[in-house]
Amino acid sequence: MSERDKGPAHDAPPEEEITFDAAGDAQPEPELEFYVTTIEELRKERDEYYGLLQRKQAEFENFRKRVNREKAELRPQARGEVLRELLPVLDSAEKGLQSLLERKDGVDAEAFLEGFELLVKGLRQVLERFEVSEVPGVGSAFDPTLHEAVLREVDDGLEDGEILEEYRKGYQMNGRLLRPSQVKVAVHPTEASSSPEN
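Model, not experiment: these values are computed from the prediction.

About the cut-offs
Residues numbered from 1 in each chain as written. Predicted model: local features only at pLDDT ≥ 70, side-chain atom pairs only at ≥ 80, totals over all residues. Heavy atoms only, no water. Helix = DSSP H or I, 4+ residues; strand = E, 2+ residues; numbered from the N terminus. Buried < 20%, exposed > 50% of the residue type's maximum accessible area, 1.4 Å probe, protein only. Salt bridge = Lys/Arg side-chain N within 4 Å of Asp/Glu carboxyl O. Core = buried A, V, L, I, M, F, W, Y, C linked by side-chain atoms within 4.5 Å. Lys, Arg positive; Asp, Glu negative; His and termini not counted. Contact = heavy atoms within 4.5 Å.

Asker: Requested: an account of the environment of Leu 123, with residues and values cited.
Answerer: With respect to the element layout, Leu 123 can be found in helix 3 (residues 107–129). For Leu 123, a relative accessible area of 12% corresponds to the buried category.

Asker: Describe the pattern of salt bridges, and please don't skip the residues or the numbers.
Answerer: Scanning the entire structure with this criterion turns up eleven salt bridges. Salt-bridge contacts for Arg 124 lead to Glu 94; the nearest nitrogen and oxygen are separated by 2.2 Å. Residue Arg 124 is found in helix 3, and its partner Glu 94 is found in helix 2 (residues 32–102); the two are separated by 30 residues along the sequence. Under the relative-accessibility criterion, Arg 124 is labelled partly exposed at 25%. In this structure, the salt-bridge partner of Glu 134 is Arg 124, at a minimum N-O distance of 2.8 Å. With Glu 134 in strand 3 (residues 132–134) and Arg 124 in helix 3, the pair connects residues that are ten residues apart, well separated along the chain. A network of salt bridges, in which partner residues are shared, links Glu 94, Arg 124, Glu 134 and Lys 169.

Asker: Outline the nonpolar core, supporting the account with residue identities and numerical values.
Answerer: Counting 14 residues, the largest nonpolar core has Leu 83, Leu 90, Leu 127, Val 132, Tyr 171 and Leu 178 as the members making the most contacts within it. Where this core is concerned, the elements lending two or more residues are helix 2, helix 3 and strand 6 (171–173). A per-element tally of this core places helix 2 first, with six residues.

Asker: Kindly report on the side chain of Glu 162, identifying the contributing residues and their values.
Answerer: Here Glu 162 is to be found in the loop between strand 4 (147–154) and strand 5 (163–168). As a buried residue without a salt bridge, Glu 162 has its nearest oppositely charged side chain in Lys 184, at a separation of 12 Å. The residues contacting Glu 162, other than those within four sequence positions of it, are Gly 139, Ser 140, Lys 184, Val 185 and Ala 186.

No statement about biological role is implied by the geometric values presented.
Now the structure itself:
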């Protein structure tokens, strides 16, 4: 093989293209493949961060809804606790009013009577503002979800389960029971004799 056949093109590696930056320094030109790989990696990273952001937004939205739902549930419970404390005051005021009505004899009784009436009226207005209503009492049908049977009276002439007397009023707020009524209930003789309680 002659020297001519062994040309420099066959023996030497291909020369790298040289470019110059703004300062005039020589810089080798990066491969196009490097740019493609870098772009793909950046896209993957962007997609991961975007997915993470969407998940975090969904979690935050669920958290916000749960907090609002719990707040809506806790508000009536908190009100109920306060109102439950007011009910014994109302009971006492009503009993005092009843005793004054039974023995109103003299000027002092009239003054006390007026005071009790105002007290009961004021308490009832407070309860109405909180949407508190009385549980149906005397004459209505016994409902174990609203009433507590303290006594039973055997009577053929009355409806079975009819409330005859109310010992303590029951109250509910927005359909939720605050306190059941304590009542006397009518029962038929056959039911009373088969019951182990009587």
